[in-house]
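Breakdown of the fold
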Amino acid sequence: MAFNHLLVGAHDAFCALSAAPVTHSMPMATYSTTGRPPRGTAAQHSPRAVLDRLAGGSSRAERITHTEHLPPRPASYAVWPHQVRPEVIAAVQEAGIAHPWSHQAQAAEHALNGESVVVSTGTASGKSLGYLVPVLSTLLDGSEAPNGRGATALYLAPTKALAADQRRAVRALAAPLGRAVRPAVYDGDTPVEEREWVRQYANYVLTNPDMLHRGILPSHPRWASFLRALRYVVIDECHVYRGVFGSHVAQVLRRLRRLCARYGSEPVFLLASATAAEPALAGERLTGLPVAEVAEDGSPRGEVVFALWEPPLTELQGEKGAPVRRTATAESADLLTDLTLQGVRSVAFVRSRRGAELISVIAKERLGERDRSLASRVAAYRGGYLAEERRALERALHSGELLGLAATTALELGVDVAGLDAVLIAGYPGTRASLWQQAGRAGRTGQGALAVLVARDDPLDTFLVHHPEAIFDQPVESTVLDPDNPYVLAPHLCAAAAELPLTEQDRALFGPATAELLPQLEAAKLLRRRGRSWYWTRKERAADLTDIRGEGGPPVQIVEDGTGRLLGTVDASASHTTVHDGAVHLHQGRTYQVRTFDLDANVALVEEASPPYTTVARDTTSVSVLETDRSIPWGEGRLCFGSVEVTHQVVSYLRRRLLTGEVLGETKLDLPPRHLRTRAVWWTVTEDQLDAALVHPQQLGGALHAAEHASIGLLPLFATCDRWDIGGVSVPLHPDTLLPTVFVYDGHPGGAGFAERAFATAREWLTATREAIAACECDSGCPSCVQSPKCGNGNEPLHKRAAVRLLTELLKGSPEAASPPEATSPAPVPRPAAPPAP
């Protein structure tokens, strides 16, 4: 989260968790935009006025389902702690910051007192300065040490781009301190000739968890002087570390703490996030240490207006003749065009690189029809651009030369683009945390901001735009991670043993599952016990047992046919659905099509192409129950949580038109089945419940199937996941339960905490599912309620009305709450893999 915006003054912080929002209903005025963007007054560019003009006309006004008003908030100032070096305070003042905001000073005080701390305040609230001031002050103290290297600090970012952005910010702020602060990036892009200098001389190293896992920790003797002097570890955008990825990072941090102790240091952890629920608890899970919390935002914020926008239904027909709603991509392109014509600086966030390019292209074409000079004032921003290109786009956006930007989440995580007038969000980004991160990019002091969520044709989006309380009256999601997941822990125990032999004392550090796993790893001949220690026994690198962003296994290489150029890799677990024969693959803004997927060689050969469609894989799935950990009665039925084995097979893929989502056809595939042991939540119903719900036998399969699809679509509202992270199966008579059953399972070996969260919030989750189906205006089911884009059965059978009756009856017997279950899972045996470069 770059703090460059602070160098030119204090900008608004759009904080989702502070100040209770106030519902505001607005009259929508008709407005016609022609010619060049108006200069206008501040009142004309107020968020209310901008939204009035966007909603001009009766058809447009009807698309706004709700508006929310967040009132302005004044700044709260403080003074820096007395321990901060005067030279650092002078450097901050030279940058134009006379006084810190209250949360910055509080975070710095915790850090300087040796307490790990998480600062969780709004986007663009200057969290970076809160941890950089104590870090720079400590580095300056260390530079005056008579002997040795002096103090060091480590910065971890989830992306390379954010680390590079932060280095530029540090250099700018620390310039008056001279050679006392020596920041350097150390990641997979760092040239070999520079790496030795970083190890020996840099005292502020910026990297990512991947390089820490596979590069720094396994080579710790070469980093001995750095680790011995390590005082602070900064973990930026810590809300990103959730699910399986977060669980891996938690164990990487435990390995780091273990090696630091070996070299005699005990670093303080400084965490930052604009969107974390229970930030102190999340920080403790991630680091394994007590973490203080600073969550009261002292930064100023202007008025914010947030609108929920639902595109209209079209005359097109989708699967099974279902109505098709206008795509969020096309709708957002129109809105970005209108905002540019108004002279409003805006960003449209979209989930895919192709979507970002499409919005930019459409907006340019439509602007060009009005005034050719306007077309050059809109661009796309996505992963794959050179850093220089990104910086040029950011400068153009800040200066006003560029009015509109269509961007992927590459712009979400901390890159400095605060100060916009409006943000469009093309489809719910999967979590409230990401929603507020993106919306928070808009806002300038005193002027306020507009945010618009444009719904996709999807059950979750449909539910949210008709249930605004699910966004505005709820905190961001809990950070779900499970460092004790044996599928995560086992390879890190091996990596730790390769770094230093494991001992009995390490059990407390790595968690209670360690005692059970060590004998199993010994039996698998991965570790060998000698006396009271365990040693790594293989020639292979233990760190290569797992890719922390996946779950291990050899990745599939994506190779350009004809040239032999390696374009990238994809996790083995995702390869069947993403690089099957005929799949459309995007890489750095270019579109390729898979010509051949060689399963034996783990290679997908692709060729550049421009098909007018995208592809969506479909698979068939079956589930068998391995162990039931918790089971509670729901009336005559039951709600259960436990371990399952999922067998699934990709059988075909759909071709969908890019802008409309219209189904163009389906192509069969012949791929082998795959097996997954994971965690699931499932519920059963009895014959009496079916009779009470008036669900006839011929409707049962469709009712269960519809409820399964919708519940998967709604689960991201309650667990920090995406619908593609989870799967489901519905069976009219399951062989293990002997009853009609619906399963929802984690799509990761050993589980990722999503099904566990579903069990704990089942009453609220399934109530929202029922409401989403019932509220949809279609007759018999559509993508907005019960149809799924990844259904292996062609969305057949589905019975919308029977699903509503079934869920209504099920919920009559639901308890008030279900307590979280104990997490248990069969222990894995990791296998060496060759992960992609960090």
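Bear in mind the structure is a predicted one, so any value in this text is a computation, not a measurement. (Residues numbered from 1 in each chain as written. Predicted model: local features only at pLDDT ≥ 70, side-chain atom pairs only at ≥ 80, totals over all residues. Heavy atoms only, no water.)

What follows deals with the sheet that holds strand β18 (residues 502–503). Taken in spatial order, the three strands of this open sheet run β18-β20-β19, and their pairing is antiparallel. Strands with a single pairing partner mark the edges of an open sheet, and in this sheet they are β18 and β19 (527–530). The pairing of β19 with strand β20 (residues 533–536) spans four bridges and is antiparallel. By the bridge assignment, arginine 528 is partnered in β20 with tyrosine 535. The sheet strands contacting helix α19 (residues 486–499) are β18, β19 and β20, and the helix crosses β20 at an angle near 95°. (Pairing = 2+ DSSP bridges. Helix = DSSP H or I, 4+ residues; strand = E, 2+ residues; numbered from the N terminus. Contact = heavy atoms within 4.5 Å. Axes fitted to C-alpha atoms, helices over the stretch in contact; angles between N-to-C directions.)

With that settled, consider the sheet that holds strand β9 (residues 292–294). Spatially, the seven strands line up as an open sheet ordered β5-β6-β4-β7-β8-β3-β9, and their pairing is parallel. In this open sheet, the two edge strands, each paired with only one partner strand, are β5 (183–185) and β9. Across the sheet, the axes of successive neighbouring strands diverge by a mean angle of 20°, strand direction being ignored. As defined by bridge partners, strand β3 (residues 117–119) adjoins strand β8 (residues 268–272) across three bridges and the pair is classed as parallel. Paired with valine 118 across the strands is leucine 271, a residue of β8.

Taken over all residues, the pLDDT of the chain has a mean of 84, while the share at 70 or more is 85%. Ignoring residues within four places in sequence, the model shows residues 1–40, a span with pLDDT below 50, making 145 contacts including any to other chains. Within the model, the stretch residues 831–838 combines pLDDT values under 50 with 23 contacts to residues more than four positions away or in other chains. (pLDDT = per-residue confidence, 0-100.)

Further remarks concern the nonpolar core. In terms of nonpolar packing, the biggest core is built from 86 residues, with Phe306, Trp683, Leu715, Leu717 and Trp765 touching the most fellow members. In this structure, Ile97, Ala107, Val117 and Val185 belong to the second largest nonpolar core, which totals 40 residues. (Core = buried A, V, L, I, M, F, W, Y, C linked by side-chain atoms within 4.5 Å. Buried < 20%, exposed > 50% of the residue type's maximum accessible area, 1.4 Å probe, protein only.)

Moving on to the pattern of salt bridges. Taken as a whole, this structure holds 28 salt bridges when the rule is applied. Here glutamate 499 and arginine 255 are joined by a salt bridge, their closest N and O atoms 2.5 Å apart. Here glutamate 499, found in helix α19, pairs with arginine 255, found in helix α10 (residues 243–262); they are 244 residues apart in sequence, far enough to count as distant. Each member of the pair, glutamate 499 as well as arginine 255, carries the same accessibility label: buried. A single salt-bridge network, built from bridges that share partners, covers Arg63, Arg326, Glu331, Asp334 and Arg366. (Salt bridge = Lys/Arg side-chain N within 4 Å of Asp/Glu carboxyl O.)

It is worth spelling out the packing of helix α4 (residues 102–112) against helix α5 (residues 127–143) at this point. Interhelical geometry of α4 versus α5 gives an angle of 40° and a closest axis separation of 7 Å. Here α5 runs oblique to α4, going by the angle between their axes. Note that α4 runs across α5; the crossing there is right-handed. Contact residues: α4 offers Gln104, Ala107, Ala108, Ala111 and Leu112, while α5 offers Leu129, Gly130, Pro134 and Thr138. Considered class by class, the residues forming the contact of α4 with α5 number six nonpolar, three polar and no charged. (Parallel < 35°, antiparallel > 145°, perpendicular 65-115°, else oblique. Left-handed = near helix turned anticlockwise from the far one by under 90°. Nonpolar A, V, L, I, M, F, W, Y, C, P; charged D, E, K, R; others polar.)

To continue, consider helix α26 (residues 762–775). Taking 1.5 Å of rise per residue, 14 residues should cover 20 Å, and α26 covers 20 Å from first to last C-alpha, within 8% of that figure. Here α26 has its buried residues at Ala762, Trp765, Leu766, Ala768, Thr769, Ala772 and Ile773. Buried residues along α26 cover an arc of 155° about the axis, so they all sit on one side. (Expected span 1.5 Å × (residues − 1). Arc of directions from axis to C-beta.)

This part is about the environment of serine 225. Within the secondary structure layout, serine 225 lies in helix α9 (residues 224–228). The class for serine 225 is partly exposed, based on a relative accessible area of 32%. Sequence spacing of serine 225 and glutamine 200 is 25 residues, and the spatial spacing of their C-alpha atoms is 7.6 Å.

Relative to each other, α26 and helix α27 (residues 800–812) sit at 150°, their axes nearing to 9 Å. When the axes of α26 and α27 are compared, the pair comes out roughly antiparallel. The two elements α26 and α27 cross, and the hand of that crossing is left-handed. Along its contact with α26, which presents Arg763, Leu766, Thr767, Thr769, Arg770, Ile773 and Ala774, the element α27 presents Lys800, Ala803, Val804, Leu807, Thr808, Leu810 and Leu811.

Before going further, it helps to examine helix α24 (residues 697–714). In this model α24 runs 26 Å from its N-terminal to its C-terminal C-alpha over 18 residues, within 8% of the 26 Å that 1.5 Å per residue would give. Across the 18 residues that make up α24, a large majority, 15, are buried.

What follows deals with a negative patch on the surface. On the surface, Glu636, Glu687, Asp688 and Asp691 cluster together into a negatively charged patch. Secondary-structure assignment places glutamate 687 in helix α23 (residues 687–692). (Patch = residues over 30% accessible without salt bridge, like charges linked within 9 Å, V, L, I, M, F, W, Y side chains within 5 Å. Areas by Shrake-Rupley, 256 points an atom, 1.4 Å probe, with all protein chains shown as cover. Lys, Arg positive; Asp, Glu negative; His and termini not counted. Charge placed at Lys NZ, Arg CZ, Asp CG, Glu CD.)

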